[in-house]
Number of protein chains: 2
Amino acid sequence: MAPVPAKPAVRYRATVEYDGAAFSGYQVQPSVRTVQGTIESQLERMLNGQVRVHAAGRTDAGVHAVGQEIVFDALPPWNAADLSRALNSLLPDDILVRNLRPSGPAFHPRFDATGRRYEYYVGPPSTGPLRAARVWALAEVPDFGRLKNASALLIGRRSFAALSKAGQPELGTECTVELASWTRTCLGDLRFTIVADRFLHRMVRYVVGTLVEVGIGRRDVAEWSDLLCEQEARPPEPAPACALYLTGVRYAEGWNRNPGVPCLWPMPDGDHSDRPNHEV
Amino acid sequence: MAPVPAKPAVRYRATVEYDGAAFSGYQVQPSVRTVQGTIESQLERMLNGQVRVHAAGRTDAGVHAVGQEIVFDALPPWNAADLSRALNSLLPDDILVRNLRPSGPAFHPRFDATGRRYEYYVGPPSTGPLRAARVWALAEVPDFGRLKNASALLIGRRSFAALSKAGQPELGTECTVELASWTRTCLGDLRFTIVADRFLHRMVRYVVGTLVEVGIGRRDVAEWSDLLCEQEARPPEPAPACALYLTGVRYAEGWNRNPGVPCLWPMPDGDHSDRPNHEV
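Residues numbered from 1 in each chain as written. Chains lettered and ligands numbered in written order. Predicted model: local features only at pLDDT ≥ 70, side-chain atom pairs only at ≥ 80, totals over all residues. Heavy atoms only, no water.

**Some thoughts on helix H1 (residues 35–47) of chain B**
All names here are of chain B.
Then, in step 1: With 13 residues, H1 extends 18 Å between its outermost C-alpha atoms, agreeing within 8% with the 18 Å of an ideal straight helix rising 1.5 Å per residue.
Then, in step 2: On its buried side, H1 packs onto strand S1 (10–18), strand S3 (64–74), helix H2 (80–90) and strand S4 (95–102).
Then, in step 3: Put simply, Thr34 is the residue that caps the front of H1, since its side-chain oxygen is 3.0 Å from the backbone nitrogen of Gly37. (Helix = DSSP H or I, 4+ residues; strand = E, 2+ residues; numbered from the N terminus. Expected span 1.5 Å × (residues − 1). Contact = heavy atoms within 4.5 Å. Polar contact = N/O pair within 3.5 Å; in protein donor to acceptor, adjacent residues only side chain to side chain.)

Okay, structure coming up:
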């Protein structure tokens, strides 16, 4: 009798939230706690073998996510509901997997992404201990008009070599920024939203740090413009990681998550991953 | 020539916020990190001598505060502005002192208080990692009507011996509850607000834990009523400390702080301690 052919593995995708405070970033590294390493080790317990998790992007140490997208393979008889329940029951409190579902065998969260959305939250002075790990509480309030005018210069395609950590890899330093806006939240914070096709290492933190310098008058717009053209010698200071959030990734079918961060911005009851996607 | 008489010490009061997560409660204890011990040790550095800080109430390990009231004495030439600036610059990020001002020599934050306000936040299921340390994310959503009806029974004066940790001290176990209400926040949380003349050890956590049991149908209102009369044998389970906040203390001149918690509820820009007090 011919052997029964093994059932093929099924590819699953999910949207992942994490509090970045206690992780050395997303990407797996030896002997430190990472988001990827933590998810992989729990999936390996469940699936009895080595599991590779691919994500839309590698967030830095301390950076949070509410819209990271991941993919991994699992053999039947596992299904999406059981995988979701089992994985969330094993993961620590600072990671949550939402909306886990089959993805189709060819889906890749990084290569198929057409845009990433990051949000950065600047709190008022004396924001207080209960929000200190979620926003950047500045001693001086930046001028909202200056922030808006300076960030408008970001739109378009250019090299971000001067606004990222030295040593960028294979793909070069050019990024296309399609949205860069400042809004006020109902909590009195200033929120910076940036959407681009890709982001370099520390890029959003350098951008925000420099925009805030412009907003409080420590750097003028001409210097900011020169940094964008790589003509400015005064290096930028990165804004703190604890106030930066990866809030969504865009695929052919739309964003994987609505804008906003649950801790800082009103969200209706229930699991927001089920609500319809909309553009930023 | 007669010696110049020493200037008398001035008594200062302040409203204190803290994130309770990394403290073994408010009250000073040997060899653990407490809120009182942390504030006293920094004041002792500034004032060159032993300093005693008195507070309105002793919050338990893990419980947060945005409206704790403290008092301490300092000699001239210290003044309120310098004390506030120096103390906040020395305190760790999880404590912030607001609205530091002279109090009059007879003021005592505990004995002069006529009421304390605690708030407890129950989040929707799957609240997520970014709010996990701020709300109690229940797997089942409690019935709002049952919560409201059960909490109405709290109003009035009674012993809370069955709803507090065993071994209460000198003053007995009677408390007068003047407000006990459930509201929904704009973040989709259920907020329990309770105002009483005094609170026993763990009392709010036992009350909320039991009200939630009633709200999800695990305990009926008759049992709750029996607990309030100390006639029920099934002991209550305390709700987690991380979602409990001391949000204000009432003195003759009014509350020291408005209701609400900055992380969870919209607050206008700036230091809210300067806005007019209002009743709960």
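Further notes follow.
**So, the confidence of the model for chain A**
Then, in step 1: For chain A, the average pLDDT comes to 89, and 91% of its residues sit at 70 or higher.
Then, in step 2: This model gives residues 266–280 of chain A a pLDDT under 50, and the stretch forms 39 contacts once residues within four places in sequence are excluded. (pLDDT = per-residue confidence, 0-100.)

**Structural notes on the pairing of strand S9 (residues 190–196) of chain B**
Residue and element names in this part refer to chain B.
Then, in step 1: Most of S9 is tucked away: seven of the seven residues are buried.
Then, in step 2: With burial as the criterion, each face of S9 is covered, one bearing Leu190, Phe192, Ile194 and Ala196 and the other bearing Arg191, Thr193 and Val195.
Then, in step 3: Sheet analysis places strand S5 (residues 115–123) next to S9, joined by seven bridges and oriented antiparallel. Of the residues in S9, the one forming a bridge with Glu119 is Thr193.
Then, in step 4: In this sheet, S9 lies alongside strand S8 (residues 174–184) in antiparallel orientation, the contact comprising seven bridges. Paired with Ala180 across the strands is Ile194, a residue of S9. (Buried < 20%, exposed > 50% of the residue type's maximum accessible area, 1.4 Å probe, protein only. Pairing = 2+ DSSP bridges.)

**What about the domain arrangement of chain A?**
All names here are of chain A.
Then, in step 1: Each domain of chain A was delimited in the assignment, giving domain 1 (10–102) and domain 2 (115–252).
Then, in step 2: When each unit is reduced to the centre of its C-alpha atoms, the spacing between domain 1 and domain 2 is 27 Å.
Then, in step 3: Opposite the 14 residues of domain 1 that make contact, domain 2 presents 15 residues.
Then, in step 4: On the domain 1 side of the interface with domain 2, the three residues burying the most area are Ala56, Asp60 and His64, jointly 41% of the side's total.
Then, in step 5: Inspection of the domain 1/domain 2 interface yields one salt bridge. (Domains from an automatic or database assignment. Buried area = accessible area lost by both parts, 1.4 Å probe. Salt bridge = Lys/Arg side-chain N within 4 Å of Asp/Glu carboxyl O.)

**As for the environment of Leu179(A)**
Then, in step 1: In this structure, Leu179(A) sits in strand S8 (residues 174–184).
Then, in step 2: Separated by 16 residues in the primary sequence, Leu179(A) and Val195(A) have C-alpha atoms spaced 5.0 Å apart.

**A word on the nonpolar core**
Soluble globular proteins tend to pack their nonpolar side chains together in the buried interior.
Then, in step 1: In terms of nonpolar packing, the biggest core is built from 63 residues, with Phe72(A), Leu154(A), Phe160(A), Trp182(A), Phe192(A) and Trp224(A) touching the most fellow members.
Then, in step 2: Looking at which domains feed residues into this core, each of domain 1 (10–102) and domain 2 (115–252) of chain A supplies at least three.
Then, in step 3: For Trp224(A), the residues in contact, after removing those within four places along its chain, are Ala150(A), Ser151(A), Leu153(A), Leu154(A), Leu163(A), Val207(A), Thr210(A), Leu211(A) and Val214(A).
Then, in step 4: The next biggest cluster of nonpolar side chains, apart from the first, holds 62 residues, and it includes Tyr12(B), Ile39(B), Ala55(B) and Ala74(B). (Core = buried A, V, L, I, M, F, W, Y, C linked by side-chain atoms within 4.5 Å.)

**Let's talk about helix H3 (residues 144–152) of chain A**
Residue and element names in this part refer to chain A.
Then, in step 1: Within H3, burial applies to Phe144, Leu147, Ala150 and Ser151. All buried residues of H3 project into a common sector of 135° when viewed along the axis, lining one side.
Then, in step 2: Those residues of H3 hidden inside the fold are in contact with S8, strand S9 (190–196), helix H4 (203–215) and helix H5 (221–228).
Then, in step 3: Where H3 begins, one side-chain oxygen reaches toward the backbone nitrogen of Gly145, 3.2 Å away; that side chain belongs to Asp143. (Arc of directions from axis to C-beta.)

**Considerations on the side chain of His64(B)**
Then, in step 1: Of note, His64(B) is situated in strand S3.
Then, in step 2: In this structure the side chain of His64(B) is engaged in a polar contact, spanning 2.8 Å, whose partner is the backbone nitrogen of Gly20(B).
Then, in step 3: His64(B) has contacts with Leu130(A), Tyr18(B), Asp19(B), Gly20(B), Ala21(B), Ala133(B), Arg134(B), Cys242(B), Leu244(B), Tyr245(B) and Leu246(B), leaving out every residue within four places of it along the chain.

**Focus: the pattern of salt bridges**
Then, in step 1: By the definition in use, this model includes 36 salt bridges over all chains.
Then, in step 2: In this structure, the salt-bridge partner of Glu178(A) is Arg250(A), at a minimum N-O distance of 2.9 Å. Of this pair, Glu178(A) sits in strand S8 while Arg250(A) is found in strand S10 (residues 244–251), placing the two residues 72 residues apart along the sequence.
Then, in step 3: We note a salt bridge from Glu140(B) to Arg218(B), for which the minimum N-O separation is 3.2 Å. Note that Glu140(B) is positioned in the loop between strand S6 (136–137) and helix H3 (144–152) and Arg218(B) in the loop between helix H4 (203–215) and helix H5 (221–228), a separation of 78 residues in sequence.
Then, in step 4: Take Arg218(B): its relative accessible area is 53%, and that puts it in the exposed class.
Then, in step 5: Overlapping salt bridges, with partners in common, bring together Arg13(A), Glu69(A), Arg101(A) and Glu253(A) in one network.

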